[in-house]
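A closer look at the structure
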Amino acid sequence: MSLSRSPSPVPGGGWASPGLNLSSGQSSPRLSGTPVMWGSARQKRGGGGGGAGYPSFSTRNQGFFGRHMRRLSSSLPRFSTSPHYAEKEKLGRGRWSVHHLPLLGRIRGIMARMGRKMKIRLLILLMILLPIYVFYHSPLVFYWRRSPWLGGGKKFVIILGANVGGGVMDWKGAREWAIERDSLRNKKKYVARWGYELEIVDMSTKKRYAHEWRESWEKVDFLRTALRKYPEAEWFWWLDLNTFIMEPTYSLQAHIFDDLEKNVYRDINEYNPLNISHPFTDPYLDAESQSPIGDGKAGSINLVLSQDCSGFNLGSFFVRRSEWTDRLLDVWWDPVAYEQKHMEWAHKEQDALEQLYIAQPWIRKHTAFLPQRMINSFPSGACAEHGNDARIHYHEKDRDFLVNMAGCEWGRDCWGEMYNFRELSYYLNRSWWERFKEDFLALIWFKLTGQRVKF
Amino acid sequence: MHFALPPRKTSQPPPYIPRASRLPGLRRTRFKLIALVGLALLALIYVITRSNNSQHAAPNTHAPRGNPPVVLVTVLDAAKYSKAYLETVRENRINYAEKHGYQTLFAKIGDYSLNGSPGSWTTVVAARDALTKYPDCRYVWYLDASGFVMNPALKVEEHVMQPARLDELMKKDMPVVPPDSIIKTFSHLKGQDVELVLTQDKEGLSAGSFILRNGEWARFFLETWFAPIYRSYNFQKAEVHALEHIVQWHPTILSRMAIVDQRLINAYNKGVRGEEYKDGDLIVRFPDCAAADAQACETESQSFVQASRRAFASS
């Protein structure tokens, strides 16, 4: 039949324009293999029983997969290949269909299918993992420690006098830079750990004051600036650059301030290198001013410092925000005092404070001293005239909080001391894993092979 | 063998009863839930109280009860004034104090050890002593021996020291040391913040009559004023210049100080060095008499003492 080979059959016979009849859409079958004869196609359609005039050889909607493919595939998780995965029109399509179940319901379903033992095991696991996460990895702990009413970290500001010798004097060399870098990093880490504030101030010698003789009294001005800058803070901790926090795991609260009354001594006779006669005995003073310990309550302590072998040391000291502190910072520097004493006072503001403490009852009432090694241990090179003093010098057994390499710039090796203490601090504060590796595995390896290894 | 057949299910099933609560398990665990919530609350309370404990309470400074309201302090310098004159001064103070329920404190040069400083520094120590002896007083008023109370009807705590009254009285933005000191009194000071009231004459601040409010600030101020570093410095006029110095250099002092009109508490008998006394003023002072000669004060004060006695007698 020549007609059966015709490319465009029309059911009713004859020729018509293509695509205008019922099956015109299917006129070029995609089924591979044998060419479809007009006759067989016609036969199939007729005998398909559907009678609706649809072609029965369609590749679509054939078989289970064909019919359900779309539903199945759209319920599978899909990886977005498009960079704009949040396209509006696609939102909500192609997600897990189970997502539409309420979360609670699903969890309840899982829990219901789970055995009691399994539940308990899971609970225990959770109880172990959750604290580990919360205490070691989540930022939660940082905010907790920082918030003023939980950890109280915002109440403490560390003021670090940096850039000593920078500026116009400009004698800073590589070692000075290294010291500064180490000291800064040490403080930054400490502050990040406990949520305190860190204020780094520039101690470089500058032509700042109209009366140039005030130079190097900036501590007072920096403290005042910090008081303004951190209105939420309560305690301000001055630190010289040559200090190193040896035990970053000690928080200031736990170490000092939670139990301030017990930690400090207010009667200077307990350790009195300057031989200050204490308390006052002048009859015109009230009982509180004549008492060796002021009113004896922690609430009245506004200045906390320590004494070294030669008197007050202002390398590391605390002041609390109060009217008293404003007054102290105000009268600390006085031109009349300066004019009379600047030749005697080698340590400037330190001597001035001693002078104030000696002369004025209102200062003594609110000043307290910490044992030096709580906040200001010295390396063996400082205060070395009388050998090692358990009151003054650092000892690693006692895990002193902070080392102040006081006076290292005069004939000692600042960088060497800083380096040694840094390494010692790292060594003392190794994690349990490091200890296991270094103290146990490396030791065994050494015993077995005679070789020292570093993991 | 026969076994008992299970009873047949009824062919009319009971109507479906919806369960009482959406989550049937909840009822049993409700106790647990309540316990958990309670525990969480307790933990919260613990945290809050703990953080409150760690906050150190502000030092509870002793609040003076105002008994006596005012202590009148006078230094009786027997080297400068004659005995008879000092007797009239003492009588004047005691009369005034008795009238209003005040207390008096008389000090002599040499009562306090000054470590060799000029005797005029006794002024400062005497005021400090008054704070110690009368910790409950509201004000300490130092009035030099060269002055007399002329108007016994006026109470100093109402006439001068009331915050609202001070707001009107104090001179703001005024050079501390008269002609042209660049340090000026604070322009935004409130009456309730004033702790020290004093006056200025034509030469500078006058320490002959000043009123201090009892409190921590007063102690700080007097002890700072009395600092050995100022006493050993050769100020030309000892404590008066030291006062001018600390007022100008230390804003914590300047910010609590009010300068009022001289005639309120420190009128002079002659208008050469300051404002002249007019009838009805509280105080008259003879600033130069002690320097002239031993009897000058007695003669200068004669008429005023008479007037003062009449005023006390009539009131």
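Residues numbered from 1 in each chain as written. Chains lettered and ligands numbered in written order. Predicted model: local features only at pLDDT ≥ 70, side-chain atom pairs only at ≥ 80, totals over all residues. Heavy atoms only, no water.

Per an unreviewed UniProt entry, chain B goes by the name Glycosyltransferase family 34 protein and belongs to Parathielavia appendiculata. According to the UniProt record, the Sequence similarities (unreviewed entry) comment for chain B reads "Belongs to the glycosyltransferase 34 family." (UniProt positions renumbered as here; feature names shortened; annotations may be inferred.)

The name an unreviewed UniProt entry assigns to chain A is Glycosyltransferase family 34 protein, from the organism Parathielavia appendiculata. UniProt, in its Sequence similarities (unreviewed entry) section for chain A, records the words "Belongs to the glycosyltransferase 34 family."

The next thing to look at is the overall build of chain B. Across its full length, chain B holds twelve helices and nine strands. Taking 20 Å as the expected radius of gyration for a compact globule of 315 residues, we find that chain B reaches 35 Å, considerably beyond that expectation. Across its three principal axes, chain B shows a C-alpha extent of roughly 145 × 50 × 35 Å. Scored against the burial criterion, the 315 residues of chain B give a buried share of 49%. Within chain B, counting contacts between residues at least 6 apart in sequence, those at least 24 apart form 68% of the total. With 38 positive and 31 negative side-chain charges, chain B shows a separation of 22 Å between the mean positions of the two kinds. (Helix = DSSP H or I, 4+ residues; strand = E, 2+ residues; numbered from the N terminus. Rg over C-alpha atoms; globule rule 2.2 N^0.38 Å. Buried < 20%, exposed > 50% of the residue type's maximum accessible area, 1.4 Å probe, protein only. Contact = heavy atoms within 4.5 Å. Lys, Arg positive; Asp, Glu negative; His and termini not counted. Charge placed at Lys NZ, Arg CZ, Asp CG, Glu CD.)

Turning our attention to the sheet that holds strand β1 (residues 156–162) of chain A. Each strand in a sheet pairs with its neighbour through backbone hydrogen bonds, running either in the same direction (parallel) or in the opposite one (antiparallel). Residue and element names in this part refer to chain A. One open sheet accounts for six strands, arranged β2-β1-β3-β6-β5-β7; its pairing is mixed. Every other strand in the sheet has two partners, leaving β2 (197–202) and β7 (367–369) as the edge strands with one partner each. The average undirected angle you get between the axes of adjacent strands in this sheet is 25 degrees. Pairing geometry for strand β5 (residues 303–308) and β7, over three bridges, is parallel. The residue of β7 that forms the bridge with leucine 303 is threonine 367. Against the sheet, helix α6 (residues 174–194) makes contact with β1, β2 and β3 (235–239), and its axis sits at roughly 175 degrees relative to β1, the strand it touches most. (Pairing = 2+ DSSP bridges. Axes fitted to C-alpha atoms, helices over the stretch in contact; angles between N-to-C directions.)

Right, let's get into the packing of aromatic side chains. Per the counting criterion, the structure on display carries 41 aromatic pairs over all chains. Ring geometry for A:Tyr357 versus A:Phe369: centroids 5.6 Å apart, planes at 75 degrees, classification edge-to-face. With a gap of twelve residues between them, A:Tyr357 in helix α13 (residues 349–359) and A:Phe369 in strand β7 connect regions that are remote in the sequence. Accessibility expressed as a relative area gives 0% for A:Phe369, which makes it buried. Between the aromatic rings of B:Tyr142 and B:Phe210, the centroid separation amounts to 5.5 Å while the plane-to-plane angle is 25 degrees, which identifies the pairing as stacked. Of this pair, B:Tyr142 sits in strand β3 (residues 139–143) while B:Phe210 sits in strand β6 (residues 205–213); the two residues are 68 residues apart in sequence, bridging distant segments of the chain. Overall, B:Phe210 belongs to the buried group, its relative accessible area being 1%. (Phe/Tyr/Trp six-rings, centres within 6.5 Å; stacked < 30°, edge-to-face > 60°.)

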